[in-house]
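Here are the chains, one letter per residue:
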Amino acid sequence: MDLIDNDVEPRGRRAIKQLKLDGCCAAVRYTRESDSTNNLALDYLRSGQWTDGDDAALFLTDHQTGGRGRHGRRWESKDDTLTFSLVLASCDLTSSAGQMTGLAVGVAVANAIEFELAPLKTRLKWPNDVYVDGGKAAGILLETVAGIPKAVVVGVGINVGSRPELRDDPNGSAVRDLSSSAGRKLHRYDLLPAVVEQIVDAIASLEDNLDELLVGFRQRCLLNQQNVTFLIGGTSGQGLCRGIGPHGELLIETDEGLRRLTSGEAHRVRIR
Ligand code: BTN
């Protein structure tokens, strides 16, 4: 069942029509304004409208007022930022394939951007920030609802037309937008069908494509062979990044030995 506000952008409507024609989304909620599309998606899951095996549900807004990022940060949007969330059937996120969900979404978004905007190239900063030209252009927030282990909310924000001023992001000084990097003015909704389709396909075929996924991530891995600082729980450390392990974990060689990060975050050490 689709619900679309009257005053949404016509190009957004056209993108939705395309996705429906391609059979990609079973349900769509498209608003003119929302605090957070992840909140809409989580409410939908909590309301019991989703059942295991359902096709993707898409939550899209033209204007997101309270976007949330990873580690409790805010995600700032401009009016030409693409902001949407998907509710997808996934493998249990605690299973070994399920733990790769975040990486898989990062690779899917990177693939869609490169396909649509060739010859633009992307990099991935573990676990799933998408970089172009040395700065972050897209962020991904995965969330789940307790008691519904087979569904995941995948929230995606992409700086398409311009980039916001960032307040509390450690990457704040290095934020990019796709239009500047592609050298032409892009419309956010022209990218939506490709990005959604890549994500839906990647999650549906995750268990069968783990090797391909690792290759896709490793060849774009921004932190590989870089000195990094990392934060996991309350503990911080530093070392040399040795890439991505077989389960999608970030490998860091420290004075105390090899650390395998399965959560937390890592940043390149900046030389001042
Ligand atoms: C990050 O880089 O920290 C993740 C950013 C995720 C932002 C997207 S925008 C759409 C969706 N709704 C939210 O509130 N957050 C995600």
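Since we're looking at a predicted model, the values are computed, not measured. (Residues numbered from 1 in each chain as written. Predicted model: local features only at pLDDT ≥ 70, side-chain atom pairs only at ≥ 80, totals over all residues. Heavy atoms only, no water.)

Re the nonpolar core
Here is step 1 of the chain: Grouped together as the largest cluster of nonpolar side chains are 66 residues, with contacts concentrated most on Phe84, Leu86, Val109, Leu178 and Ile199.
Here is step 2 of the chain: Counting contributing residues, this core receives three or more from each of domain 1 (2-220) and domain 2 (227-268).
Here is step 3 of the chain: When neighbours within four sequence positions are excluded, Phe84 is seen to be in contact with Thr37, Leu58, Phe59, Leu60, Val154, Gly155, Val156, Leu192, Val195, Val196 and Ile199.
Here is step 4 of the chain: Tyr44, Trp50, Ile148 and Ala151 belong to the second largest nonpolar core, which has 13 residues in total. (Core = buried A, V, L, I, M, F, W, Y, C linked by side-chain atoms within 4.5 Å. Buried < 20%, exposed > 50% of the residue type's maximum accessible area, 1.4 Å probe, protein only. Domains from an automatic or database assignment. Contact = heavy atoms within 4.5 Å.)

With respect to the sheet that holds strand E2 (residues 27-34)
Here is step 1 of the chain: Read from one edge to the other, the open sheet built from eight strands follows the order E1-E2-E3-E4-E8-E7-E6-E5, with strand pairing classed as mixed. Of all the strands in the sheet, just strand E1 (3-4) and strand E5 (123-125) have a single pairing partner and so form its edges.
Here is step 2 of the chain: Examined bridge by bridge, strand E4 (residues 81-89) and strand E8 (residues 151-159) share nine bridges and lie antiparallel to one another. What sits directly across from Leu88, in E8, is Val152. (Pairing = 2+ DSSP bridges. Helix = DSSP H or I, 4+ residues; strand = E, 2+ residues; numbered from the N terminus.)

Section: the site of the ligand
Here is step 1 of the chain: Taken together, 20 residues sit near the ligand, with Ser36, Gln64, Arg68, Arg70 and Lys136 positioned nearest.
Here is step 2 of the chain: Here Ser36 contributes a side-chain N or O atom positioned 2.7 Å from an oxygen atom of the ligand.
Here is step 3 of the chain: In the model, a nitrogen atom of the ligand is placed 2.7 Å from a nitrogen or oxygen of the Arg68 main chain.
Here is step 4 of the chain: Alone, the ligand offers 410 Å² of accessible surface; in the complex the protein occludes 98% of this.
Here is step 5 of the chain: Those elements giving two or more residues to the shell around the ligand turn out to be helix H2 (37-46), E4, strand E7 (135-143) and E8. (Near = heavy atom within 4 Å. Polar contact = N/O pair within 3.5 Å; in protein donor to acceptor, adjacent residues only side chain to side chain. Areas by Shrake-Rupley, 256 points an atom, 1.4 Å probe, with all protein chains shown as cover.)

What to know about the domain arrangement of the chain
Here is step 1 of the chain: Domains assigned within the chain are domain 1 (2-220) and domain 2 (227-268).
Here is step 2 of the chain: The C-alpha centroid of domain 2 is placed 25 Å from the C-alpha centroid of domain 1.
Here is step 3 of the chain: In this assembly, 13 residues from domain 1 lie in contact with 15 residues from domain 2.
Here is step 4 of the chain: Considering only the side of domain 1, the residues that lose the most area to domain 2 are Lys125, Trp126 and Arg218, jointly responsible for 48% of the buried surface there.
Here is step 5 of the chain: Taken together, domain 1 and domain 2 are joined by one salt bridge.
Here is step 6 of the chain: Note that Arg73 and Glu265 form a salt bridge whose closest N and O atoms lie 2.9 Å from each other.
Here is step 7 of the chain: In this structure, the connection of domain 1 to domain 2 is made through six residue pairs in polar contact (both at pLDDT 80 or more).
Here is step 8 of the chain: By residue number, the principal contributor to the side of domain 1 that touches domain 2 is helix H6 (residues 210-218), which donates three residues.
Here is step 9 of the chain: Taken together, the residues of the side of domain 1 that touches domain 2 sort by class into six nonpolar, three polar and four charged. (Buried area = accessible area lost by both parts, 1.4 Å probe. Salt bridge = Lys/Arg side-chain N within 4 Å of Asp/Glu carboxyl O. Nonpolar A, V, L, I, M, F, W, Y, C, P; charged D, E, K, R; others polar.)

Observations concerning the state of the cysteines
Here is step 1 of the chain: Under the definition given, this model contains zero disulfides.
Here is step 2 of the chain: There is no disulfide at Cys221, and the cysteine sulfur nearest it, in Cys241, is 5.1 Å away.
Here is step 3 of the chain: Judged by its relative accessible area of 5%, Cys221 falls in the buried class. (Disulfide = S-S within 2.5 Å.)

What about the pattern of salt bridges?
Here is step 1 of the chain: Going through the model one piece at a time under the given rule, you end up with 15 salt bridges.
Here is step 2 of the chain: A salt bridge links Arg32 to Asp62; the shortest N-O distance between them is 3.1 Å. Taken as a pair, Arg32 in strand E2 and Asp62 in strand E3 (residues 57-64) lie far apart in primary sequence, 30 residues in all.
Here is step 3 of the chain: With a relative accessible area of 33%, Arg32 lands in the partly exposed category.
Here is step 4 of the chain: The buried category is assigned to Asp62, whose relative accessible area is 2%.

Some points on the packing of helix H3 (residues 101-116) against helix H5 (residues 188-204)
Here is step 1 of the chain: It is at 8 Å that the axes of H3 and H5 come closest, and there the two elements cross at 145 degrees. Judged by the sense of rotation from one axis to the other, the crossing of H3 with H5 is right-handed. Every residue of H5 that contacts H3 at Thr101, Ala104, Val105, Ala108, Val109, Asn111, Ala112 and Glu116 is listed here: Asp190, Leu191, Ala194, Val195, Gln198, Ile199, Ala202 and Ile203.
Here is step 2 of the chain: In terms of residue class, the contact of H3 with H5 is built from 11 nonpolar, three polar and two charged. (Axes fitted to C-alpha atoms, helices over the stretch in contact; angles between N-to-C directions. Left-handed = near helix turned anticlockwise from the far one by under 90°.)

As for the sheet that holds strand E10 (residues 235-244)
Here is step 1 of the chain: If you walk across this open sheet you meet the five strands as E12-E11-E10-E9-E13, and the pairing is antiparallel. Either end of the sheet is taken by a strand with one partner, and the two such strands are strand E12 (257-261) and strand E13 (265-268). Averaged over all adjacent pairs, the angle separating strand axes in this sheet is 40 degrees, with direction ignored.
Here is step 2 of the chain: Two elements, strand E11 (residues 250-254) and E12, share five bridges in a ladder whose sense is antiparallel. Within the sheet, the bridge partner assigned to Leu250 lies in E12 and is Leu261.

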